[in-house]
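If you want the building blocks of each chain, they are given just below.
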Protein chains: 2
Amino acid sequence: MARQNKSRYAILGVLSLGPMSGYDVRKTIERSLANFWSESYGQIYPILRQLVQEGLATCALEHQEGRPDRRVYEITDAGREELRRWLLDPAEHDVGRVEILLKLFLAWQTPVENGLEKARDHRELHLRLLERYAEIERWLHEHQSTHPGLPYWLATLSYGRHVSRALVEWCDETIRTLEGMRSGRSEAEVES
Amino acid sequence: MARQNKSRYAILGVLSLGPMSGYDVRKTIERSLANFWSESYGQIYPILRQLVQEGLATCALEHQEGRPDRRVYEITDAGREELRRWLLDPAEHDVGRVEILLKLFLAWQTPVENGLEKARDHRELHLRLLERYAEIERWLHEHQSTHPGLPYWLATLSYGRHVSRALVEWCDETIRTLEGMRSGRSEAEVES
DNA sequence: TAGATATATATCAGGGAGATATATGATGGC
DNA sequence: GCCATCATATATCTCCCTGATATATATCTA
């Protein structure tokens, strides 16, 4: 059985924020969903055409001076209904792939310093993310203070902050553990 | 440019734990990496053949009574070297897709109760995960107490615990926020 | 004036997941 | 005793999805 196409709903969701072109859909996702979602053009353009075919969106060609023509897509009532149905469905949890954990799981085959490097890099990454979340939050309070979506948007930001704070702590813990092992020697070093 | 094939390294990594069949590779991943990695047969079988072709693994046919023949794959020295090289490379961070956040981001278009349900479900999910992590930790201490990989394996478990604990807190926070909004009415309810 | 960046649409190769097909033995419930 | 289910074992297919690339043109910048 074909598993369901989530890009469809992500794109429909973005169209629910206002009429826009495929290019705008991409930009919107990069600007507002980038911390937990992404879509590529390879999905966006074919799906937009499909949505029109299914009556979930309409398409209007807009001529522009100097720039390529825009195909402006607009969600229909049927599209809003389809989106709402999906929003009410329980969210599926996707474990995904965490490359740093795969590398760490196998890292006993390498010098301890390798694991330490991974943990330090990861710590930096989440500190940067925390800064980004803070910036976005400031921007939201300044520019979207009256939008009914604000509490939900802040909640998605808070998710990221909770995760990143927890992972900075995890990195600290892991660095302490590995530093405690550095005095001895790893398997890899004993071999060589 | 073709992005690199991570399944290759995951499978090579599993083979570094001991010789095994494609079926065993799958089982091993499900038993020990399932919390942060997955591989499907659609990847495993073709990649194993490819690894043999590249000299990173060898294959021996094992006849069995009553059961299908086993193709037992074993990592070579070249394979270990290739794996080690990858383990030393910095880990890439993949944002991935978090469906619950996409739904929550758009949830202002639905009744508040919908967001609450999502948050409550998510809370349950992470409480279950925390129990699973505790079980695995007990098992590791009992059965792998002397393996040089133990500190690393415990670190990957700790990662999961940190994330899940943080997300249970996030759910509590989100539930409090949404419950505070329930007294009023959502956009969707005002419309109808 | 050359190069980067933005606007705009479109497609392809490859990575990857999940389902399914095929065969057989063991296990367990009714 | 029979049926269902699960474990062993290999293999393949469809669909989803990403990242790269192609193609134009306008503006901005060094």
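Residues numbered from 1 in each chain as written. Chains lettered and ligands numbered in written order. Predicted model: local features only at pLDDT ≥ 70, side-chain atom pairs only at ≥ 80, totals over all residues. Heavy atoms only, no water.

## Considering the overall build of chain A
Point 1. The number of helices and strands found in chain A is eight helices and two strands.
Point 2. A compact globule built from 192 residues should have a C-alpha radius of gyration of about 16 Å, whereas chain A, at 22 Å, is more than 25% larger.
Point 3. Sorting the 192 residues of chain A into buried and exposed places 45% on the buried side.
Point 4. In chain A, once contacts between residues fewer than 6 apart in sequence are set aside, the share between residues at least 24 apart is 61%.
Point 5. If you sum the accessible surface of chain A, you get close to 10,400 Å²; carbon and sulfur atoms cover 48% of it. (Helix = DSSP H or I, 4+ residues; strand = E, 2+ residues; numbered from the N terminus. Rg over C-alpha atoms; globule rule 2.2 N^0.38 Å. Buried < 20%, exposed > 50% of the residue type's maximum accessible area, 1.4 Å probe, protein only. Contact = heavy atoms within 4.5 Å. Areas by Shrake-Rupley, 256 points an atom, 1.4 Å probe, with all protein chains shown as cover.)

## Things to note about the packing of aromatic side chains
Aromatic ring pairs are defined here through the distance separating the ring centres and the angle between the ring planes.
Point 1. Summed over all chains, the structure comprises ten aromatic pairs over all chains.
Point 2. Residues A:Tyr159 and B:Trp170 carry aromatic rings whose centres are separated by 4.9 Å and whose planes lie at 85° to one another, so their mutual orientation is edge-to-face. Taken together, the residues span two chains, with A:Tyr159 in helix H7 (residues 150-182) and B:Trp170 in helix H7 (residues 150-182). B:Trp170 shares its class with A:Tyr159; the two are buried.
Point 3. Put simply, the rings of A:Phe36, A:Trp153 and B:Phe105 touch in pairs and so form one group of aromatic residues.
Point 4. When the ring centre of B:Trp86 is taken as reference, the NZ or CZ atom of A:Lys103 above it lies at 4.2 Å.
Point 5. Across from the ring centre of B:Tyr9, 5.5 Å away, lies the NZ or CZ of B:Arg8, which sits over that ring. (Phe/Tyr/Trp six-rings, centres within 6.5 Å; stacked < 30°, edge-to-face > 60°. Lys NZ or Arg CZ within 6 Å of the ring centre and 35° of its normal.)

## Overview of the relation of the copies chain A and chain B
Point 1. Taken as rigid bodies, chain A and chain B are interconverted by a rotation of 180° and an axial shift of 0.0 Å, the fit giving an RMSD of 0.0 Å. Taken together, the rotation angle and the small translation identify this as a two-fold axis.
Point 2. A shared interface surface links the copies, since 100% of the contact residues of chain A are contact residues in chain B too. (Least-squares fit on C-alpha atoms with pLDDT ≥ 70 in both.)

## Structural notes on the packing of helix H1 (residues 6-15) of chain A against helix H2 (residues 22-33) of chain A
All names here are of chain A.
Point 1. Interaxial distance between H1 and H2 falls to 10 Å at its minimum, and their mutual angle equals 90°. Here H1 is positioned roughly perpendicular relative to H2, judged by the angle of their axes. Of the residues in H2, those touching H1 at Ile 11, Val 14 and Leu 15 are Val 25, Thr 28, Ile 29 and Leu 33. (Axes fitted to C-alpha atoms, helices over the stretch in contact; angles between N-to-C directions. Parallel < 35°, antiparallel > 145°, perpendicular 65-115°, else oblique.)

## A closer look at the nonpolar core
Point 1. Within the largest apolar cluster, 106 residues are counted, with the highest numbers of intra-cluster contacts made by A:Leu15, A:Leu51, B:Leu15 and B:Leu51.
Point 2. If we skip the residues at most four places from it in the chain, B:Leu15 touches B:Met20, B:Val25, B:Leu48, B:Leu51, B:Ala57, B:Tyr73 and B:Ile75. (Core = buried A, V, L, I, M, F, W, Y, C linked by side-chain atoms within 4.5 Å.)

## Observations regarding the domain arrangement of chain A
Point 1. Taken domain by domain, chain A holds domain 1 (6-88) and domain 2 (99-191).
Point 2. Placing a centre on the C-alpha atoms of domain 1 of chain A and another on those of domain 2 of chain A gives a separation of 32 Å. (Domains from an automatic or database assignment.)

## Brief notes about the interface of chain A and chain B
Point 1. The partner chain B presents 71 residues to the 71 residues of chain A that form the contact.
Point 2. For the chain A and chain B pair, buried surface summed over both sides reaches about 7,000 Å², with 68% attributable to carbon and sulfur atoms.
Point 3. Applying the counting rule to chain A against chain B returns four salt bridges.
Point 4. Measuring nitrogen to oxygen at the nearest pair gives 2.6 Å for the salt bridge that ties A:Lys6 to B:Glu99.
Point 5. Linking chain A with chain B are 34 residue pairs in polar contact (both at pLDDT 80 or more). (Buried area = accessible area lost by both parts, 1.4 Å probe. Salt bridge = Lys/Arg side-chain N within 4 Å of Asp/Glu carboxyl O. Polar contact = N/O pair within 3.5 Å; in protein donor to acceptor, adjacent residues only side chain to side chain.)

## Brief notes about the packing of helix H6 (residues 112-143) of chain A against H7(A)
All names here are of chain A.
Point 1. Two elements in contact, H6 and H7, have axes separated by 8 Å at closest approach and are oriented at 160°. With respect to H7, the axis of H6 lies roughly antiparallel. As for how H6 packs across H7, the hand of that crossing is left-handed.
Point 2. Among the residues making up the contact of H6 with H7, the classes are represented as 20 nonpolar, seven polar and nine charged. (Left-handed = near helix turned anticlockwise from the far one by under 90°. Nonpolar A, V, L, I, M, F, W, Y, C, P; charged D, E, K, R; others polar.)

## Description of the pattern of salt bridges
Residue and element names in this part refer to chain B.
Point 1. Evaluated as defined, the whole model comprises 30 salt bridges over all chains.
Point 2. Among the ionic pairs, Asp 24 bridges to Lys 27, the shortest N-O distance being 3.7 Å. A residue pair is termed a helical-turn pair when its members lie 3 or 4 positions apart in one helix, as Asp 24 and Lys 27 do in helix H2 (residues 22-32) at three residues.
Point 3. Lys 27 gets classed as partly exposed once you look at its relative accessible area, which sits at 28%.

## Brief notes about a nonpolar patch on the surface
All names here are of chain A.
Point 1. A contiguous nonpolar patch, built from Tyr 23, Tyr 41 and Tyr 45 and spanning about 300 Å² of accessible area, is present on the exposed surface.
Point 2. One can find Tyr 45 in helix H3 (residues 41-53).
Point 3. Since its relative accessible area comes to 34%, Tyr 45 is described here as partly exposed. (Patch = residues over 30% accessible without salt bridge, like charges linked within 9 Å, V, L, I, M, F, W, Y side chains within 5 Å.)

## What about helix H4 (residues 77-88) of chain B?
Point 1. Its twelve residues give H4(B) an end-to-end C-alpha distance of 17 Å, which sits within 8% of 16 Å, the value for a rise of 1.5 Å per residue.
Point 2. Restricting attention to buried positions, one finds in H4(B) the residues B:Gly79, B:Glu82, B:Leu83, B:Trp86 and B:Leu87. On an axial view of H4(B), the arc spanned by its buried residues comes to 140°, and they lie on one face. Those residues of H4(B) that are exposed and aimed more than 90 degrees away from the buried face are B:Asp77 and B:Glu81.
Point 3. Summarising the contacts, the buried residues of H4(B) are in contact with helix H5 (99-105) and H6 of chain A together with helix H1 (6-15) and strand E2 (70-75) of chain B. (Expected span 1.5 Å × (residues − 1). Arc of directions from axis to C-beta.)

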